[in-house]
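# Observations on the model geometry
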Amino acid sequence: MQTRHIMPIGMILFGLGSLGVQGCRNKSNHRDARQLQEGFGSADGQNASNQADAKVGSMPARTSCQGLSPYRIVGGQIAAEKSQVTAATIKLIVRNQKYCSATLIGPQHIVTAAHCVADVKDPKDIKIGSGLDGKNQEKLTIDGMKIHPLYVGILADDQGYLEQPIYDVAVLTFQGSLPPDLIPVAIAQTQEIQVGMPVIVSGYGSYGTDDKTRRPLSLVETRLSRVESDLMELQITNGEGRGACYGDSGGPTFIVDPASSCLLLIGSTTGPGRNTDYSCESGGGTLMDLTRYQSWLGCAFKNLNQPLDGLITNTGTAVACDSK
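Rules used in this analysis
- Along each chain, numbering runs from 1 in the same order as the chain's sequence is written.
- Residue-level local features of this predicted model are given only where pLDDT is at least 70; pairs of side-chain atoms are given and counted only at 80 or more, and the full residue set underlies all totals for whole chains, interfaces and linings.
- Water and hydrogen atoms play no part in the side-chain values, which are based on all heavy atoms of the structure.
- Helix and strand definitions follow DSSP, with helices as H or I runs of at least four residues and strands as E runs of at least two, each counted in order from the N terminus.
- Each residue is assigned to one of three classes by its accessible area relative to the maximum for its type, calculated with a 1.4 Å probe on protein chains only: buried under 20%, partly exposed between the two thresholds, exposed over 50%.
- Calculation of accessible area relied on Shrake-Rupley with a 1.4 Å probe; when residues are assessed, cover is drawn exclusively from the protein chains displayed.
- A pair of aromatic rings is counted whenever rings of Phe, Tyr or Trp (Trp by its six-membered ring) have centres within 6.5 Å, and the orientation is called stacked for planes under 30 degrees apart, edge-to-face for over 60 and tilted otherwise.
- When the NZ atom of lysine or the CZ atom of arginine is within 6 Å of a ring's centre and also within 35 degrees of its normal, the charge is said to sit over that ring.
- Each pair of strands is called paired provided DSSP finds at least two bridges between the two strands.
- Using a grid of 1 Å spacing that covers the protein atoms alone, one calls a set of points a cavity when a 1.4 Å probe fits there but cannot get out, and a pocket when the set is open and has protein on both sides within 12 Å along at least five of seven lines; lining residues are those with an atom within 4 Å of a point.
- Grid points are joined across faces, edges and corners, and a volume is the space filled by probe spheres set on the points.
- By the convention adopted, Pro, Cys, Tyr, Trp, Phe, Met, Ile, Leu, Val and Ala count as nonpolar, Lys, Arg, Asp and Glu as charged, and the other residues, Gly among them, as polar.
- The criterion for a disulfide is a pair of cysteine sulfur atoms lying within 2.5 Å.

Moving on, we get to the overall build of the chain. Across its full length, the chain carries 3 helices and 20 strands. Out of the 324 residues belonging to the chain, those deemed buried represent 60%. Just so you have it, the chain exposes about 13000 Å², and 47% of that area is on carbon and sulfur atoms.

Written as C-alpha cells, this is what we have:
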C-alpha cells in the first residue's frame, strides 16, 4: 500500500469551502482522499485512563465561568455573542490566504492544529480573530509558535489514516491584553472523559463540503464515540451529519463540568473521523486528545517564555518535549 499525506478537513483556504460545525445534510458517500490532505483547514474567499496517578498542578478554578452564563446543552446553532464558546474560540488567519480555528487556554496562550501553521515561517503572518464574525483583533500580535516535534503530516494509505499517533498539535503565544469578551478555558483531566458523553464542537468552518460561504462562529452538540488512548485522539459520533468541516481545524471540543456548568476543553479538530467517507456531511471527526498533550503544552509554552499554570505536569504518556 502507498502511504500519502491526507488533507484534514478543518483548514479553509481563501476561495474554497470549509467544514463548519452546523449539522449537515448527507450529500455523498464518495470517499475523496484529497479532502484529507490539509485536515479541516479552510481558505476564505473573502481574503482574509492512564492518567489516574498523574500529578496535577494548580488547576484553574471551576466554581464560576468568569461572569458568563452556565452552559446548557441544546441543538446545533450559531454561537451566542456572549457565551463560553464564543469567549474561548479563536479564528486564525494565515497570510490572508487561509484560516483555521483555535482555542484560547491562557492570557497569552492558544492551542490549534499543527497542520494549520506547519508552513508558517514567521508567527507574525498569523492574525487573531474572535467573536461571531471572527473580526481581526489588531491589538493582539502573535509572537511565538511551536509545532509538536513528532508531527510529520497527516498520513494515510488506501484504508485511511495510519494507525499511529498524528501529533497534530501546535501552540501560539501573543502580545497584548485580552479584550473583556475573550476568556481562556481550562483543559479537562483525562479521567473526566467518557465514551458516549455529550460534547460541544465549535469553529469558523463551512456547513458542507461544497459550501464556499464565509460562516460565523458556530457550534454543534454531539457525542464522543471513541477514546483512542494509544493514539492520543478522540472520535466523535459519525453518520448523523453533526461534526466539523473545512475551517474548523484546530478548533475546540468541550465538555461541561457538572459541578460548575463551565466548559472544559478536551480536544482540537484534526479532520474527518476514522472509518468514514471523509465528507463533511457524514459528520463525526478526529480530535487530538489535549488532555494527554498537557505535558508537551506546558513545555512548549515554557520554551516560548510564556509558562502556563494549571496544566497537568505528568500525563503518564511519553510525549516528546521540544527543547529548541
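Tallied over the full model, the rule gives 1 aromatic pair. Plain terms: the ring middles of Y167 and Y293 are 6.5 Å apart, the flat faces sit at 90° to each other, and that makes the pair edge-to-face. Of the two residues, Y167 is situated in the loop between β12 (160-161) and β13 (170-175) and Y293 in the loop between β20 (283-289) and α3 (294-303); the sequence distance between them amounts to 126 residues. Look at Y293 and you get buried, because its relative accessible area is 0%. In this structure, K91 packs its charged tip against the face of Y99, placed 4.3 Å from the ring centre.

What follows concerns the pairing of strand β17 (residues 233-238). Counting buried positions along β17 gives 5 out of 6 residues, so the element sits mostly inside the fold. Relative to β17, strand β16 (residues 218-228) runs antiparallel, the two being bridged by 4 bridges. When the bridges of β17 are listed, E228 appears paired with E233. Here β16 folds back onto β17, and the loop between the two strands holds 4 residues, one of which, M232, carries a positive phi near 55°.

In this structure, the second largest pocket spans a volume of roughly 260 Å³. Along the walls of the second largest pocket sit 16 residues, with E81, K82, T86, G131 and D181 positioned nearest its centre. Here the residues of the lining of the second largest pocket are counted per class, giving 6 nonpolar, 5 polar and 5 charged.

On to the state of the cysteines, then. Throughout the structure, instances matching the rule amount to 1 disulfide. Paired through a disulfide, C100 and C116 show a sulfur-sulfur distance of 2.1 Å. Given an S-S torsion of about -90°, the disulfide between C100 and C116 has left-handed geometry. Highlighted residues: C100 in strand β6 (residues 98-106) and C116 in helix α2 (residues 114-117), separated in sequence by 16 residues. Both residues of the pair, C100 and C116, count as buried.

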